[in-house]
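# Notes for the structure review
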Amino acid sequence: MGPVPRTLELFYDVLSPYSWLGFEVLCRYKNIWNISLQLRPSFIAGIMKDSGNQPPALLPRKAQYLRNDVRLLGQYVQVPMHLPKDFFSVILEKGSLSAMRFLTAVSMEHPEMLEKVSRELWMRVWSRDEDITEPQSILAAAEKAGMSSEQARGLLEKISTPKVKNKLKETTEAACKYGAFGLPITVAHLDNQTHMLFGSDRMELLAHLLVFRPG
Amino acid sequence: MGPVPRTLELFYDVLSPYSWLGFEVLCRYKNIWNISLQLRPSFIAGIMKDSGNQPPALLPRKAQYLRNDVRLLGQYVQVPMHLPKDFFSVILEKGSLSAMRFLTAVSMEHPEMLEKVSRELWMRVWSRAAEKAGMSSEQARGLLEKISTPKVKNKLKETTEAACKYGAFGLPITVAHLDNQTHMLFGSDRMELLAHLLGEKWMGPVPPAINARL
């Protein structure tokens with residue numbers, strides 16, 4: 001029997017295109033590296049508020065840069081990323097609260113579906129420029145991921161329960177405790193240390209930490 | 001004779017540790033990839049002002065993150081990075097105007113020295129090898145006398161404006177001039193993507209020297 005797999009926690013929000021990139025890369029590597037990937041649906045607006053940070057899209061030059069960066073990385077990482085027409089409205093106005101509460105409910109009741117449902121929500125907002133805020137939108141994503149209509153509706157009903165609301169809060173607070181000021185964050189639990197890595201562009205460094213465990 | 005080398009412009013400031021990382025990686029690859037690396041000393045405070053951005057170190061959680069990130073990347077990229085204890089004050093108070101004017105003067109008069117002198121300045125600010133973090137006020141005064149000519153001041157301004165025109169909101173930025181397009185990449189963590197855009201091979205931040213072109 002080989003060494004114990006190391007736990008990687010990925011805190012993400014479907015509103016974050018970089019979260020999608022990090023997610024896909026780690027999903028690919030979870031069957032290659034000796035890791036146990038734990039998906040942690042979180043609320044990026046909550047992280048911004050708690051850390052005093054702002055969405056990069058609020059600074060004009062960052063918004064412009066982000067458009068190109070996300071497009072190029074989508075091509076390179078082979079994730080079908082297409083910016084929504086009204087990019088600002090999607091990020092700054094419509095948000096992701098219901099979607100992330102839904103994913104929280106999925107993580108609590110059907111964790112085996114979490115990866116697929118998360119992906120379908122990203123595909124809606126960041127590939128096909130479709131809504132993710134309305135109940136119908138969320139149900140459509142869940143069904144596309146392979147959930148039955150009944151199952152999906154059942155979970156949707158639970159998203160305003162204190163249990164689910166609190167769980168999303170807790171996960172978001174956990175990310176903040178790790179030092180998050182944005183998403184995605186990958187938390188690598190090594191033998192003696194825990195490393196929090198921000199962004200989708202620390203995967204090569206992560207690979208190095210998993211192999212070399214530096215002091 | 002092979003294809004024309006593609007021009008890469010690296011806009012940097014020695015106050016920026018990520019600039020140092022990007023600089024070292026590109027200096028290693030300049031003898032491996034078919035590129036012409038043009039070093040562009042710039043003024044990060046000017047870019048912040050022009051873009052409306054702020055230094056990340058001003059946000060407490062980013063400052064905390066930056067310490068670890070820079071340390072880990074320094075180890076991985078094999079650059080002797082050691083954050084000075086008062087790194088916050090180095091960034092905010094001491095600044096880099098004299099250093100970047102000095103490098104501008106070097107780029108104008110002795111461009112063949114620019115790489116080495118830039119590295120020396122980074123070593124002073126960001127490595128324990130320095131006696132103090134940053135430049136002593138004597139050194140700074142001495143340099144300022146030599147470099148406060150309009151010619152040098154303007155050249156630094158122009159270079160900084162050029163970075164802004166490319167869309168910079170921070171440093172480093174690498175501008176890749178390809179056949180049909182120009183790409184501006186921000187940060188020291190877009191080198192693998194850069195390789196992909198150039199059609200070159202990425203061999204990590206410490207490529208084997210034996211692949212160097214003669």
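Residues numbered from 1 in each chain as written. Chains lettered and ligands numbered in written order. Predicted model: local features only at pLDDT ≥ 70, side-chain atom pairs only at ≥ 80, totals over all residues. Heavy atoms only, no water.

In the annotation of an unreviewed UniProt entry, chain B is listed under the name Glutathione S-transferase kappa and assigned to Enhydra lutris kenyoni. Taken verbatim from the UniProt record of chain B, the Catalytic activity (unreviewed entry) comment is "RX + glutathione = an S-substituted glutathione + a halide anion + H(+)". Its UniProt record gives chain B the following Sequence similarities (unreviewed entry) comment, quoted word for word: "Belongs to the GST superfamily. Kappa family." (UniProt positions renumbered as here; feature names shortened; annotations may be inferred.)

The name given to chain A in an unreviewed UniProt entry is Glutathione S-transferase kappa, with the source organism recorded as Enhydra lutris kenyoni. Looking at the Catalytic activity (unreviewed entry) heading of the UniProt record, one finds this comment for chain A: "RX + glutathione = an S-substituted glutathione + a halide anion + H(+)". Under the UniProt heading Sequence similarities (unreviewed entry), the entry covering chain A gives this text: "Belongs to the GST superfamily. Kappa family."

### A few points about the packing of helix α5 (residues 97-109) of chain A against helix α8 (residues 149-158) of chain A
Packed helices, taken two at a time, are described by the angle their axes make and the gap between the axes. Residue and element names in this part refer to chain A. It is the contact of α5 with α8, at a shortest axis distance of 9 Å, that shows an interaxial angle of 115°. In terms of axis orientation, α5 runs roughly perpendicular to α8. The element α5 and its partner α8 pack so that their crossing is right-handed. On α8, the residues touching F102, A105, V106 and E109 of α5 are A152, L155, L156 and K158. (Axes fitted to C-alpha atoms, helices over the stretch in contact; angles between N-to-C directions. Helix = DSSP H or I, 4+ residues; strand = E, 2+ residues; numbered from the N terminus. Parallel < 35°, antiparallel > 145°, perpendicular 65-115°, else oblique. Left-handed = near helix turned anticlockwise from the far one by under 90°. Contact = heavy atoms within 4.5 Å.)

### Let's talk about the interface of chain B and chain A
With 33 residues of chain B at the interface, the matching set in chain A holds 30 residues. The contact between chain B and chain A buries some 2,800 Å² in all, and 56% of this surface belongs to carbon and sulfur atoms. Applying the counting criterion to the chain B and chain A interface returns six salt bridges. For A:R61, the salt bridge identified is with B:D50, shortest N-O distance 2.4 Å. Counting only elements with at least two residues in the side of chain B that touches chain A, the list comes to α2 (44-51), α3 (60-77), β4 (182-186) and α9 (191-198) of chain B. Across the side of chain B that touches chain A, the residue classes break down as 17 nonpolar, eight polar and eight charged. (Buried area = accessible area lost by both parts, 1.4 Å probe. Salt bridge = Lys/Arg side-chain N within 4 Å of Asp/Glu carboxyl O. Nonpolar A, V, L, I, M, F, W, Y, C, P; charged D, E, K, R; others polar.)

### Side note on empty space enclosed by the protein
Unfilled space is identified by rolling a water-sized probe across the atoms. Residue and element names in this part refer to chain A. What the rule picks out here adds up to one cavity of 30 Å³ or more. Taken as a whole, the largest cavity holds about 70 Å³ of empty space. Forming the boundary of the largest cavity are L15, P84, V90, K94, G95, V125, D129, E130, D131, I132 and T133. Tallied by class, residues from the lining of the largest cavity come to five nonpolar, two polar and four charged. (1 Å grid on protein atoms, 1.4 Å probe; cavity = no way out; pocket = protein on both sides within 12 Å on 5 of 7 lines; lining within 4 Å. Points joined across faces, edges and corners; volume = space filled by probe spheres on them.)

### Observations regarding the nonpolar core
One recurring pattern in soluble globular proteins is that nonpolar side chains are buried together. One finds A:F102, B:W33 and B:L194 to be the most contacted residues of the largest nonpolar core, which totals 140 residues. Ranked by residues supplied to this core, first place goes to helix α1 (residues 17-29) of chain B with eight residues. (Core = buried A, V, L, I, M, F, W, Y, C linked by side-chain atoms within 4.5 Å. Buried < 20%, exposed > 50% of the residue type's maximum accessible area, 1.4 Å probe, protein only.)

### Structural notes on the sheet that holds strand β1 (residues 6-12) of chain A
All names here are of chain A. Overall, mixed pairing links the four strands, which are arranged β2-β1-β3-β4 in an open sheet. At either margin of the open sheet sits one strand with a lone partner, and together these are β2 (35-41) and β4 (194-198). For this sheet the average axis-to-axis angle between neighbouring strands, irrespective of direction, equals 20°. Where strand β3 (residues 185-189) lies against β4, five bridges are found, and the strand directions are antiparallel. Each residue of the ladder has a partner; that of A188, found in β4, is H195. (Pairing = 2+ DSSP bridges.)

### Topic: the UniProt feature "active site" (unreviewed entry) in chain A
Residues and elements named next belong to chain A. As annotated in UniProt, the feature "active site" (unreviewed entry) corresponds to S16 in the numbering used here. Structurally, S16 can be placed in the loop between β1 and α1 (17-29). In this structure, S16 is in contact with I44, W122, W126, L183 and P184, ignoring residues within four places of it in sequence.

### Describing the sheet that holds strand β2 (residues 35-41) of chain B
Residue and element names in this part refer to chain B. Spatially, β2-β1-β3-β4 is the arrangement adopted by the four strands of the open sheet, whose pairing is mixed. Lying at the two open borders of the sheet, with one neighbouring strand each, are β2 and β4. The average undirected angle you get between the axes of adjacent strands in this sheet is 20°. In this structure, strand β3 (residues 173-177) lies alongside β4, joined through five bridges in antiparallel fashion. Each bridged residue has a counterpart across the sheet, and for H177 the counterpart in β4 is T182.

### Overview of a nonpolar patch on the surface
Residues and elements named next belong to chain A. Among the surface-exposed residues, L58, F88 and L92 lie close enough to one another that they form a single nonpolar patch of about 250 Å² accessible area. With respect to the secondary-structure elements, L58 resides in the loop between α2 (44-51) and α3 (60-77). Take L58: its relative accessible area is 43%, and that puts it in the partly exposed class. (Patch = residues over 30% accessible without salt bridge, like charges linked within 9 Å, V, L, I, M, F, W, Y side chains within 5 Å. Areas by Shrake-Rupley, 256 points an atom, 1.4 Å probe, with all protein chains shown as cover.)

### Section: α5(A)
Across its 13 residues, α5(A) extends 18 Å between first and last C-alpha, which sits within 8% of the 18 Å expected from 1.5 Å per residue. Where α5(A) is concerned, the buried positions are A:A99, A:M100, A:F102, A:L103, A:T104, A:A105 and A:V106. (Expected span 1.5 Å × (residues − 1).)

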